[in-house]
Amino acid sequence: MSLLLGTTITISSNHWMMAWTGLEINTLAIIPLISKSHHPRAIEAATKYFLTQAAASALLLFSSMTNAWFTGQWDITQLTHPTSCLLLTTAVSIKLGLTPFHFWFPEVLQGSSMTTGLLLATLMKFPPTALLVLTSPSLNPTLLTTMAIASAALGGWMGLNQTQVRKILAFSSISHLGWMTIILLYNPNFTLLTFYLYCLMTSAIFLALNTTKITNLATMMTAWTKIPPLAATLMLALLSLAGLPPLTGFLPKWLIIQELTKQEMTPVATTIALLSLLGLFFYLRLAYCATITLPPNSSNHMKQWQTNKSVRIPITTLICLSIMLLPLSPMIFATT
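Residues numbered from 1 in each chain as written. Predicted model: local features only at pLDDT ≥ 70, side-chain atom pairs only at ≥ 80, totals over all residues. Heavy atoms only, no water.

Counting secondary structure elements, the protein contains 16 helices and zero strands. Since a compact globule built from 336 residues should have a radius of gyration of about 20 Å, the 20 Å found for the protein is in line with a globular shape. Seen along its three principal axes, the alpha-carbon backbone of the protein occupies a region of about 65 × 50 × 35 Å. Within the protein, buried positions represent 55% of all 336 residues. Across the protein, contacts joining residues at least 24 apart in sequence account for 77% of those joining residues at least 6 apart. Averaging the locations of the 15 positively and 6 negatively charged side chains of the protein gives two centres separated by 21 Å. (Helix = DSSP H or I, 4+ residues; strand = E, 2+ residues; numbered from the N terminus. Rg over C-alpha atoms; globule rule 2.2 N^0.38 Å. Buried < 20%, exposed > 50% of the residue type's maximum accessible area, 1.4 Å probe, protein only. Contact = heavy atoms within 4.5 Å. Lys, Arg positive; Asp, Glu negative; His and termini not counted. Charge placed at Lys NZ, Arg CZ, Asp CG, Glu CD.)

This is how it looks when you write it as structure tokens:
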């Protein structure tokens, strides 16, 4: 309830103090969920998360106070002072995990459970993203473009040598944040569309991994012995997150590249499209491990034959949407 309350306060507020209050409620609400397992790794993750988010919230409050000092405005949409804009961009980047402030996110996600990791990757990113969209006319285009390209590059490179699935999904999130940020100044609606579709696909993958108890590549190689249909659809959901046509994940990348080309930013569009190929490599590796690899020939992990074979309806619905939503995309533009 506190998570929903904090998110609602932030995205519906028009005053910087209320937005800051919502972010603080969110931070304090997620910490018990991260540390509930009482494992040293979980306590470490909760501590890192608290320190990082507290520093970002303080910076955001300082940014809004600086703007109010010089302009007399506490309105979120009236952020006009250059120093305040720079401080706000830094604060929101820390909260989201944009490069070069990404170091905390993979560690925190690795120390959390799958369900808490899902909240960190989706719901907790919604309020900072909303603040970015609201203040987008005041932000620095060069800084945002540089951070976006760096996030797409680092998310792909750092994910290449990972074996833990949660860390791979963390770097995937950083890479997708780059796509959301690069289009923010030119079409904020595409930023929100990318975020919504990312949440949809990531939710399907996290819930499927939680159902099959997959934590690393070794356990993923035995996914077919637990729930074979779920392993097959999980492969398609991973490829959709990679952005391969004709799956759902192709839609935001297609629209973003098209919009960047219209804005005469073809070199930027080409660069970020090439950098997404790095992420495609580890998505393909995950999909390969989930469906094509046949243990025990290439895996020394013990098979779990006695497992719960039931798959809940929300997981199947989310996976179907994350795979087959692309043909419905004309309806989005027909209604807007």
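Having seen it, we continue.
Turning to the layout of surface pockets, a few remarks are in order. Quantified by volume, the second largest pocket comes out at close to 170 Å³. Around the second largest pocket sit Trp179, Ala242, Gly243, Leu244, Phe250, Lys253, Trp254, Ile257, Ala273, Ser276, Leu277 and Leu280, which together line it. Where the lining of the second largest pocket is concerned, the elements lending two or more residues are α13 (250-262) and α14 (266-291). Considering only residue class, the lining of the second largest pocket consists of nine nonpolar, two polar and one charged. (1 Å grid on protein atoms, 1.4 Å probe; cavity = no way out; pocket = protein on both sides within 12 Å on 5 of 7 lines; lining within 4 Å. Points joined across faces, edges and corners; volume = space filled by probe spheres on them. Nonpolar A, V, L, I, M, F, W, Y, C, P; charged D, E, K, R; others polar.)

Within the largest apolar cluster, 101 residues are counted, with the highest numbers of intra-cluster contacts made by Tyr49, Leu120, Leu209 and Met220. With 13 residues, the top contributor of residues to this core is helix α10 (residues 188-212). For this core, the domains that each give at least three residues are domain 1 (1-113) and domain 2 (140-335). Each residue touching Leu120, except ones within four places of it in the same chain, is listed here: Ile30, Ile34, Tyr49, Phe105, Val108, Leu109, Ser112 and Lys125. (Core = buried A, V, L, I, M, F, W, Y, C linked by side-chain atoms within 4.5 Å. Domains from an automatic or database assignment.)

Let us look at the domain arrangement of the protein. Domain parsing of the protein yields domain 1 (1-113) and domain 2 (140-335). Taking only C-alpha atoms, the centre of domain 1 and the centre of domain 2 are 25 Å apart. Contacts between the two partners involve 18 residues from domain 1 and, on the opposite side, 18 residues from domain 2. With both sides pooled, the region where domain 1 packs onto domain 2 buries about 1500 Å², and carbon together with sulfur makes up 71% of that total. Its largest share of buried area at the contact with domain 2, domain 1 owes to Leu98, Thr99 and Gln110, together 38% of the area lost on that side. Counting across the domain 1 and domain 2 interface gives one salt bridge. (Buried area = accessible area lost by both parts, 1.4 Å probe. Salt bridge = Lys/Arg side-chain N within 4 Å of Asp/Glu carboxyl O.)

The next subject is the pattern of salt bridges. In this structure the tally under the stated criterion is four salt bridges. Linking Arg41 and Glu107 is a salt bridge whose minimum nitrogen-to-oxygen distance equals 3.3 Å. Here Arg41, found in helix α3 (residues 40-71), pairs with Glu107, found in helix α5 (residues 104-110); they are 66 residues apart in sequence, far enough to count as distant. Notably, a salt bridge pairs Glu107 with Lys48, separated by 3.9 Å at the nearest N-O pair. Placement of the pair is Glu107 in helix α5 and Lys48 in helix α3, with a sequence separation of 59 residues.

In the contact formed by α10 and helix α12 (residues 228-242), the axes pass within 10 Å of each other and the chain directions differ by 150 degrees. In terms of orientation, α10 lies roughly antiparallel with respect to α12. Where α10 crosses over α12, the two elements pack in a sense that is left-handed. In contact with Tyr198, Met201, Thr202, Ile205, Ala208, Leu209, Thr211 and Thr212 of α10, α12 contributes Leu230, Leu234, Ala237, Leu238, Ser240 and Leu241. Residue composition of the contact of α10 with α12, by class: 10 nonpolar, four polar and no charged. (Axes fitted to C-alpha atoms, helices over the stretch in contact; angles between N-to-C directions. Parallel < 35°, antiparallel > 145°, perpendicular 65-115°, else oblique. Left-handed = near helix turned anticlockwise from the far one by under 90°.)

Each neighbour pair has its own omega, and for Thr99 with Pro100 the value is 10 degrees, a cis peptide bond. For the bond running from Pro245 to Pro246, omega is 5 degrees, close enough to zero to count as cis. Tracing the sequence through the fold places Pro246 in the loop between α12 and α13.

Here the focus is the packing of aromatic side chains. Counting across every chain of the model gives seven aromatic pairs. Their ring planes at 75 degrees and their centres at 5.4 Å tell us that Trp104 and Phe105 sit as a pair that is edge-to-face. Exposure remark for Trp104: the relative accessible area of 8% places this residue in the buried category. According to the relative accessible area criterion, Phe105 is buried, its value standing at 1%. Within the aromatic cluster, the residues linked to one another by ring pairs are Tyr49, Trp104 and Phe105. (Phe/Tyr/Trp six-rings, centres within 6.5 Å; stacked < 30°, edge-to-face > 60°.)

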